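# Observations on the model geometry
Here's the letter readout for the chains.
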Amino acid sequence: MEVMDVLFSIFELLGTVAFAISGAMEGVRHRMDLFGVTMLGLVTAIGGGVLRDLMIGQIPPRVFLNSRCAVLAILVALAVFIILKLTQERKPRAFAQLREKLYFLSDTLGLAAFTVLGIESAGADRNTGLLLFVGMITGVGGGVLRDVLAGSVPSIFRKHIYAVASLAGALADVLLMRILPAEIAMLSGFGVVALIRIAAAHYKWNLPHIDLEE
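Throughout what follows, the structure given in this document is the object of discussion. (Residues numbered from 1 in each chain as written. Predicted model: local features only at pLDDT ≥ 70, side-chain atom pairs only at ≥ 80, totals over all residues. Heavy atoms only, no water.)

### Some points on the pattern of salt bridges
Under the defined criterion, the tally for this structure stands at seven salt bridges. Note that Asp 53 and Arg 52 form a salt bridge whose closest N and O atoms lie 3.0 Å from each other. For Asp 53, a relative accessible area of 1% gives the class buried. Arg 52 gets classed as buried once you look at its relative accessible area, which sits at 8%. Among the ionic contacts, a cluster of salt bridges with common partners joins Asp 107, Arg 146, Asp 147 and Arg 197. (Salt bridge = Lys/Arg side-chain N within 4 Å of Asp/Glu carboxyl O. Buried < 20%, exposed > 50% of the residue type's maximum accessible area, 1.4 Å probe, protein only.)

### Overview of helix 1 (residues 3-29)
Between its terminal C-alpha atoms helix 1 stretches 39 Å, which fits the 39 Å expected from 27 residues at 1.5 Å a residue. One or two steps after helix 1, the chain reaches Arg 31, where phi turns positive at roughly 60 degrees. (Helix = DSSP H or I, 4+ residues; strand = E, 2+ residues; numbered from the N terminus. Expected span 1.5 Å × (residues − 1).)

### Some thoughts on the environment of Asn 127
Within the secondary structure, Asn 127 sits in the loop between helix 4 (92-122) and helix 5 (128-149). C-alpha of Asn 127 to C-alpha of Val 174: the two residues are 47 residues apart in sequence and 9.7 Å apart in space. Polar contacts involving the side chain of Asn 127 include one to the main-chain amide nitrogen of Leu 130, which spans 2.8 Å. (Polar contact = N/O pair within 3.5 Å; in protein donor to acceptor, adjacent residues only side chain to side chain.)

### Quick notes on the packing of helix 1 against helix 2 (residues 34-56)
Viewed as axis vectors pointing N to C, helix 1 and helix 2 meet at an angle of 140 degrees, and their least axial separation amounts to 7 Å. Classified by the angle their axes make, helix 1 and helix 2 are oblique. At the point where helix 1 passes helix 2, the crossing takes the right-handed sense. Along its contact with helix 1, which presents Thr 16, Phe 19, Ala 20, Ser 22, Gly 23, Ala 24, Glu 26, Gly 27 and Val 28, the element helix 2 presents Val 37, Leu 40, Gly 41, Thr 44 and Ala 45. Grouping the constituent residues of the contact of helix 1 with helix 2 by class yields seven nonpolar, six polar and one charged. (Axes fitted to C-alpha atoms, helices over the stretch in contact; angles between N-to-C directions. Parallel < 35°, antiparallel > 145°, perpendicular 65-115°, else oblique. Left-handed = near helix turned anticlockwise from the far one by under 90°. Contact = heavy atoms within 4.5 Å. Nonpolar A, V, L, I, M, F, W, Y, C, P; charged D, E, K, R; others polar.)

### Side note on the packing of aromatic side chains
As enumerated under the stated definition, the model contains three aromatic pairs in all. Both rings, one in Phe 11 and one in Phe 190, keep their centres 4.8 Å apart while their planes meet at 15 degrees; by these two values the pair is stacked. Remark: Phe 190 occurs in helix 7 (residues 182-203) and Phe 11 occurs in helix 1; sequence separation between them is 179 residues. Look at Phe 11 and you get buried, because its relative accessible area is 4%. When the centroid spacing of 5.6 Å and the interplanar angle of 10 degrees are considered together, the rings of Phe 19 and Phe 114 count as stacked. A residue pair is termed long-range when its members are at least 10 positions apart, and Phe 19 in helix 1 and Phe 114 in helix 4 qualify at 95 residues. For the pair Phe 19 and Phe 114, a shared accessibility class is recorded, and that class is buried. (Phe/Tyr/Trp six-rings, centres within 6.5 Å; stacked < 30°, edge-to-face > 60°.)

### A few points about a nonpolar patch on the surface
On the surface, Leu 34, Val 71, Leu 75 and Leu 78 cluster together to form a nonpolar patch covering roughly 320 Å² of accessible area. Element by element, the count of residues in the nonpolar patch is highest for helix 3 (residues 68-90), at three residues. Along the polypeptide, Val 71 turns up in helix 3. (Patch = residues over 30% accessible without salt bridge, like charges linked within 9 Å, V, L, I, M, F, W, Y side chains within 5 Å. Areas by Shrake-Rupley, 256 points an atom, 1.4 Å probe, with all protein chains shown as cover.)

### Details of unusual backbone geometry
In this model, Ile 59 is joined to Pro 60 through a cis peptide bond whose omega is -10 degrees. One can find Pro 60 in the loop between helix 2 and helix 3. Positive phi, normally seen in glycine, also occurs at Arg 31, with a value near 60 degrees. Here Arg 31 is to be found in the loop between helix 1 and helix 2.

### Some thoughts on the side chain of Asp 173
Tracing the chain through its elements places Asp 173 in helix 6 (residues 162-176). Residues in contact with Asp 173, not counting those within four places in the same chain, are Val 116, Ile 119, Ala 185, Met 186 and Gly 189.

### Focus: the side chain of Asp 53
With respect to the element layout, Asp 53 can be found in helix 2. If we skip the residues at most four places from it in the chain, Asp 53 touches Gln 58, Pro 61 and Arg 62.

In structure tokens:
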């Protein structure tokens, strides 16, 4: 197996696990039951990939041809529900701290992994504009579906340079793949997304917005 194939598989598993965790935790935060938490984890993990495949004409989407990632997402979401349930009952303060840190970390890793996966799945021979858009949609798509189903304003519209981080990582990947090996470009794009998200959270960066007075 080539290095790129191994890297693709690693990022696919990482992104699936990470977004399944963030989706499940969002379900827990909104007091959903076991089924709701599991479905939110699943939708978050596979949503971006489904949107990507529909955009590039991959019918049916890959997740319906190989259910490995869907099954993994369901198992991870179930595990998250059980772990948080036990943690909340035994150590409620630790539960709150664990939830916030784990949610941010998983959401950041999922965004970074799926952004570069989207570009690789679309193919390097496509035009730059399409690759950037597909990379961003793959990265943010699952999170948007998660937030909408949970009844929240999607994160891409309100906090921590979310979609901009994805777009910056996609741009880094696309530009570097023209001059460097694909695996280095992919790792670089992943790193750019993660670093921007971490910096935005640490320094409380947000895009300008308007506060309307009541």
